[in-house]
Amino acid sequence: MPATSDFVVLHGCSSSLLLHAPVGGWPSVLYFGERLGGGVSAAEVFRLRRRQGAKGGPSEEVVATLSCEPGTGYLGPSGLNVHREGRSWAPTLRVISVEQEEGCAEIRCRDDAHGVHAVYRFTLDARNDVLAIDTELGNDGDDRLAIDWAAVACIPLAPELDELMHFSGRWSGEFQTDRHRLRQGGFLVENRRGRTSHDRFPGLVLCTARTDERAGACLGVHLAWSGNSRLRVDTLADGRRILQCGELLLPGELRLAANERYRTPRLYLRHSASGLSEMSAGFHDYFHRKLKGARTGGRPRPVHYNTWEAVYFDHSLPVLTELVDAAADIGVERFVLDDGWFKGRRDERSGLGDWVVDRGVFPEGLHPLIERVHSRGMEFGLWVEPEMISEDSDLFRAHPDWVLAAPPAAQTPFRHQLVLDMARPEVADNVFGQIDALLDEYEIGYLKWDMNRDLNHPGARAGTASVHAQTHAVYSLIDRLREKHPQIEIESCASGGARTDLGILARTDRLWVSDNNDAIDRQRIQRGASFFFPLSVIGAHVGARRCHVTNRVLPMALRAPTAMFGHLGVEADLLGMDDADRAELGAAIALYKEHRELIHGGELVRLDGLAWQNAIGVVSRDRRSALFSYCQLESHDEVLPGVLRFAGLDATLRYRLRLIWPASDCTPTPQALENSGLTGDGYEVSGEALVKAGLQLPLLYPQTCLVFALDSV
Ligand code: DGJ
């Protein structure tokens with residue numbers, strides 16, 4: 001329906017979006033924040049917010065339009081850099097039409113002189129308040145239009161959002177959070193790795209100095225894209241603060257032919273006036289309803305066994321068969337055969353590209369192993385790394401020119417592998433054919449889709465940069481395989497969490513967020529990932545007693561509950577595990593199964609705490625049951641660890657509070673814990689007391705995790 005005024009108004013449950021989009025004028029975001037009541041008109045907000053010109057500058061302030069394009073006279077960083085061989089560089093996109101429907105508005109803009117048009121689509125989900133923005137740019141001219149930068153949209157931020165939380169890290173240390181005060185100048189996160197990256201996650205949270213998990217304004221920002229990205233927040237001298245996010249384009253990477261269009265990745269925003277946990281809950285609900293859809297809908301997330309840390313490349317049918325049995329014995333439901341099963345893959349130097357079973361290791365193919373997995377009541381999953389090729393492979397020997405490269409620059413050595421140019425149809429067809437044949441031959445329910453190197457030289461055959469095309473080609477390959485094999489679930493992995501974003505998650509079902517199975521590190525990594533992703537997709541494995549990455553020795557009593565608050569799996573070598581650990585792990589798996597509907601279907605709340613603590617909880621939608629995990633990561637210098645104030649509970653209900661993990665050995669004062677009444681059947685207490693007064697925690701050994709169950713009585 002065409003809009004009837006100069007304004008667009010979209011309301012969610014807790015937020016409102018106001019856009020100013022006068023036909024013939026410039027489009028801009030007027031307001032995105034706490035929900036406005038029916039008595040507030042967009043026109044009055046426009047009037048209130050109107051900025052006057054200031055001395056020493058233009059007599060009328062230049063509007064920050066949806067693209068802050070250079071032709072408007074805007075002097076902050078432009079949101080749209082285009083040109084035609086150096087000319088036509090200063091477009092101004094004026095509104096030509098506005099369509100509005102329930103929850104959605106589309107603003108069409110054009111600049112005839114420059115032959116450019118833009119369509120901005122805003123969709124505010126009325127249920128969870130996630131705002132999705134998609135933008136299309138079109139070349140209406142006769143010659144090529146180079147796009148150097150196109151922010152999805154330029155979003156002026158509310159003045160109180162003057163702090164920024166970002167997510168950095170490294171291999172095995174993903175999703176580390178850090179908070180900064182924003183000052184005049186820019187804050188820039190650029191990812192040039194050709195995959196989402198371990199260190200430059202395409203997401204931010206804008207907030208106030210007082211925002212915490214329960215209170216305060218915040219704005220979650222996430223670009224749903226698995227290639228290069230740029231996120232920037234510029235605080236201008238005039239006090240305005242503008243957010244821009246989009247795909248980072250390499251030189252010459254995107255040049256539109258006449259009538260060609262470019263669609264930006266989707267940008268997600270979620271405003272909350274009530275703290276960070278509520279913001280995350282919005283993203284989680286959006287994911288469950290909009291992205292995951294019917295694919296895994298309602299099906300309990302099966303307990304995994306993954307072979308990687310148990311055997312690495314040392315595959316042999318007898319050992320794997322023993323592992324199958326050991327996994328089934330402790331309650332595993334899906335057995336995933338990791339790297340090492342295919343032709344010539346005895347170490348990381350060879351084999352990638354040849355997706356056929358190594359007959360030297362598996363003379364009868366994978367049939368005997370898969371039959372054993374099925375006979376023990378489990379599903380079978382298989383690891384693949386479709387975008388990669390080893391120089392020592394039949395595929396490379398046949399097609400050495402199929403790789404991304406930027407000659408004469410030498411390839412950067414990286415895990416002995418190169419990247420296939422997936423945008424070439426013959427390459428994608430070959431890989432599709434091989435994976436398709438595997439899925440036809442074997443009953444495989446699950447693929448772990450890995451991607452273990454950056455794109456240091458992402459050059460296509462034509463000599464052009466190709467991260468954009470590569471990313472789309474990978475998406476298409478997954479979509480194509482999914483269409484042919486709709487029953488398949490897929491895990492997104494990239495040396496751990498280097499491809500963790502809502503772009504890939506729109507077509508996959510689980511995220512391997514880190515190669516680090518150290519439970520202490522995992523507490524932080526999983527907490528960081530939970531800002532955007534629900535626990536149901538955060539793959540979390542119980543690793544070896546001595547962690548293979550950090551060498552730290554941690555007890556099962558900590559490793560198991562850490563993995564329980566995610567999509568639980570086991571990666572430890574079950575054959576070398578002692579009986580006590582194996583029994584404890586089996587008990588944890590049983591506990592997880594008992595509570596997984598709540599863990600994956602409830603609302604996540606993160607509790608605020610000190611650096612040496614991590615507490616999170618999951619509360620059922622009707623608030624009648626909850627599960628909380630309190631982890632003491634290190635020693636502390638006070639006598640007792642302090643008070644745990646539960647959150648998300650119904651203050652009007654009474655709950656039975658029980659300590660359900662660990663059974664013993666978590667405190668130097670076991671008698672005191674016994675006397676507290678928390679163990680066994682626990683005791684009844686009001687929701688209000690749990691939330692407002694909180695529970696005095698017992699003295700604990702460092703590196704201990706307690707799990708509390710709460711059920712309304
Ligand atoms: C990196 C992954 O993150 C690991 O879990 C494992 O699958 C290896 N690749 C296999 O090469």
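What you are looking at is a predicted structure, and each value in this text was computed from that prediction instead of being measured.

Peer 1: Just to check I follow, could you spell out the overall build of the protein for this structure?
Peer 2: The helix and strand tally for the protein stands at 14 helices and 37 strands. Its C-alpha atoms give the protein a radius of gyration of 27 Å, within 12% of the compact-globule value 27 Å for 713 residues. The dimensions of the protein, computed from C-alpha atoms along their principal axes, are 75 × 70 × 45 Å. Burial status across the protein gives 60% buried among its 713 residues. Intrachain contacts of the protein at a sequence separation of at least 6 include 70% that bridge at least 24 residues. For the protein, the accessible area works out to roughly 27,200 Å², and carbon and sulfur atoms hold 50% of it. Computed over 78 positive and 97 negative side-chain charges, the separation of the two mean positions in the protein equals 4 Å.

Peer 1: It is not clear to me how the packing of aromatic side chains should be interpreted in this structure. Could you clarify?
Peer 2: For any pair of aromatic rings, the description rests on two quantities: the centre-to-centre distance and the angle between the ring planes. Counted under the stated rule, the structure contains 22 aromatic pairs. One Lys or Arg, arginine 522, reaches over the ring of tryptophan 512 and ends 4.7 Å from the middle of that ring. Sitting over the ring of phenylalanine 531, arginine 606 keeps its end group 3.7 Å from the ring centre.

Peer 1: Looking at this model, I keep getting lost on the nonpolar core. Mind explaining?
Peer 2: Burial of nonpolar side chains together is a common tendency in soluble globular proteins. Membership of the largest hydrophobic core comes to 179 residues, with the highest contact counts inside it found for Phe122, Leu269, Trp341, Leu366, Phe380, Phe533 and Leu574. Excluding anything up to four places from it in sequence, phenylalanine 380 contacts Phe335, Leu337, Leu366, Leu369, Ile370, Val373, His374, Glu443, Ile444, Gly445 and Tyr446. Membership of the second largest hydrophobic core comes to 27 residues, among which are Val605, Ala615, Ala647 and Leu706.

Peer 1: Even after reading the chapter, I still don't get the side chain of aspartate 454, so can you show me in this structure?
Peer 2: Relative to the helices and strands, aspartate 454 resides in the loop between strand S25 (446-449) and helix H8 (467-484). Reaching out from aspartate 454, the side chain makes a polar contact with the side chain of arginine 193 at a distance of 2.7 Å. In terms of polar contacts, aspartate 454 uses its side chain to reach the side chain of arginine 195, at 2.8 Å. Those residues within four positions of aspartate 454 in sequence are excluded, and the remaining contacts are Arg193, Arg195, Phe414 and Val419.

Peer 1: Is there a simple way to explain the pattern of salt bridges in this structure?
Peer 2: Should their charged atoms come close, side chains of opposite charge can pair. One pass over the full model with this rule turns up 62 salt bridges. Among the ionic pairs, arginine 179 bridges to glutamate 163, the shortest N-O distance being 3.0 Å. One end of the pair, arginine 179, is in strand S11 (residues 176-181); the other, glutamate 163, is in strand S10 (residues 163-168), with 16 residues separating them in the sequence. By relative accessible area, glutamate 163 is classed as buried at 13%. In this structure, a network of salt bridges that share partners links the residues Arg193, Arg195, Asp199, Arg200 and Asp454.

Peer 1: Explanation requested: empty space enclosed by the protein in the structure shown.
Peer 2: Where empty space is left in the structure can be found by rolling a water-sized probe over the atoms. Counted according to the given criterion, the structure contains six cavities of 30 Å³ or more. Here the largest cavity is characterised by a volume of approximately 100 Å³. Together, Arg522, Gln523, Gln526, Arg527, Ser530, Leu535, Thr562, Phe565, Leu604, Asn614, Ile616 and Ser629 line the largest cavity. For the lining of the largest cavity, the secondary-structure elements that each account for two or more residues are helix H10 (519-529) and strand S31 (613-619). With four residues, H10 is the single largest residue contributor to the lining of the largest cavity. Of the residues in the lining of the largest cavity, the class split is four nonpolar, six polar and two charged. Empty space within the second largest cavity amounts to approximately 60 Å³. Lining the second largest cavity are Gly194, Ser226, Glu387, Met451, Leu455, Gln470, Thr471, Val474, Tyr475 and Arg499.

Peer 1: Even after reading the chapter, I still don't get the sheet that holds strand S1 (residues 7-11), so can you show me in this structure?
Peer 2: Two strands in a sheet stick together by hydrogen bonds in their backbones, pointing the same way (parallel) or opposite ways (antiparallel). Here three strands make up an open sheet; going across it, the order is S1-S2-S3 and the pairing antiparallel. Looking at strand neighbours, the two that pair on one side only are S1 and strand S3 (28-34), the edges of this open sheet. Strand-to-strand twist of the sheet, defined as the mean angle between neighbouring strand axes without regard to direction, takes the value 10°. Pairing between S1 and strand S2 (residues 15-20): five bridges, direction antiparallel. Paired with phenylalanine 7 across the bridge in S2 is histidine 20. Most of the contacts of helix H1 (residues 42-49) go to S3, to which it runs at about 105°, and overall it touches S1, S2 and S3.

Peer 1: Sorry, what's going on with helix H5 (residues 367-375) here?
Peer 2: Every α-helical turn comprises 3.6 residues, leaving residues that sit three or four positions apart pointing alike. If you check which residues of H5 are buried, you get Leu369, Ile370 and Val373. Down the axis, H5 shows its buried residues gathered within 95° of arc, on one side only. Among the exposed residues of H5, those pointing more than 90 degrees away from its buried face are Glu371 and Ser375. Looking at the buried side of H5, the elements it contacts are helix H4 (317-329), strand S21 (334-337) and strand S22 (379-384).

Peer 1: Looking at this structure, I do not really get the site of the ligand. What am I missing?
Peer 2: Around the ligand, the surrounding shell holds 13 residues, and the nearest of these are Asp338, Asp339, Lys448, Asp450 and Asp515. Asparagine 452 is positioned with one of its side-chain polar atoms (N or O) 3.3 Å from a nitrogen atom of the ligand. With the chains in place, 98% of the 290 Å² that the ligand exposes on its own is no longer accessible. Per-class residue counts for the shell around the ligand are four nonpolar, three polar and six charged.

Peer 1: I keep staring at unusual backbone geometry and nothing clicks. Help me out?
Peer 2: With the exception of glycine, the majority of residues adopt a negative phi angle, and the majority of peptide bonds are in the trans configuration. Here the amide bond leading from proline 407 into proline 408 is cis, since omega sits at 5°, within 30 degrees of zero. Inspection of the secondary structure puts proline 408 in the loop between helix H6 (394-398) and strand S24 (418-419). Residue tryptophan 661 is joined to proline 662 through a cis peptide bond whose omega torsion reads -5°. By the secondary structure assignment, proline 662 is in the loop between strand S34 (654-661) and helix H13 (670-675). Its identity as a non-glycine residue notwithstanding, serine 88 has a phi of 55°, on the positive side.

About the cut-offs
- Residues numbered from 1 in each chain as written.
- Predicted model: local features only at pLDDT ≥ 70, side-chain atom pairs only at ≥ 80, totals over all residues.
- Heavy atoms only, no water.
- Helix = DSSP H or I, 4+ residues; strand = E, 2+ residues; numbered from the N terminus.
- Rg over C-alpha atoms; globule rule 2.2 N^0.38 Å.
- Buried < 20%, exposed > 50% of the residue type's maximum accessible area, 1.4 Å probe, protein only.
- Contact = heavy atoms within 4.5 Å.
- Areas by Shrake-Rupley, 256 points an atom, 1.4 Å probe, with all protein chains shown as cover.
- Lys, Arg positive; Asp, Glu negative; His and termini not counted.
- Charge placed at Lys NZ, Arg CZ, Asp CG, Glu CD.
- Phe/Tyr/Trp six-rings, centres within 6.5 Å; stacked < 30°, edge-to-face > 60°.
- Lys NZ or Arg CZ within 6 Å of the ring centre and 35° of its normal.
- Core = buried A, V, L, I, M, F, W, Y, C linked by side-chain atoms within 4.5 Å.
- Polar contact = N/O pair within 3.5 Å; in protein donor to acceptor, adjacent residues only side chain to side chain.
- Salt bridge = Lys/Arg side-chain N within 4 Å of Asp/Glu carboxyl O.
- 1 Å grid on protein atoms, 1.4 Å probe; cavity = no way out; pocket = protein on both sides within 12 Å on 5 of 7 lines; lining within 4 Å.
- Points joined across faces, edges and corners; volume = space filled by probe spheres on them.
- Nonpolar A, V, L, I, M, F, W, Y, C, P; charged D, E, K, R; others polar.
- Pairing = 2+ DSSP bridges.
- Axes fitted to C-alpha atoms, helices over the stretch in contact; angles between N-to-C directions.
- Arc of directions from axis to C-beta.
- Near = heavy atom within 4 Å.

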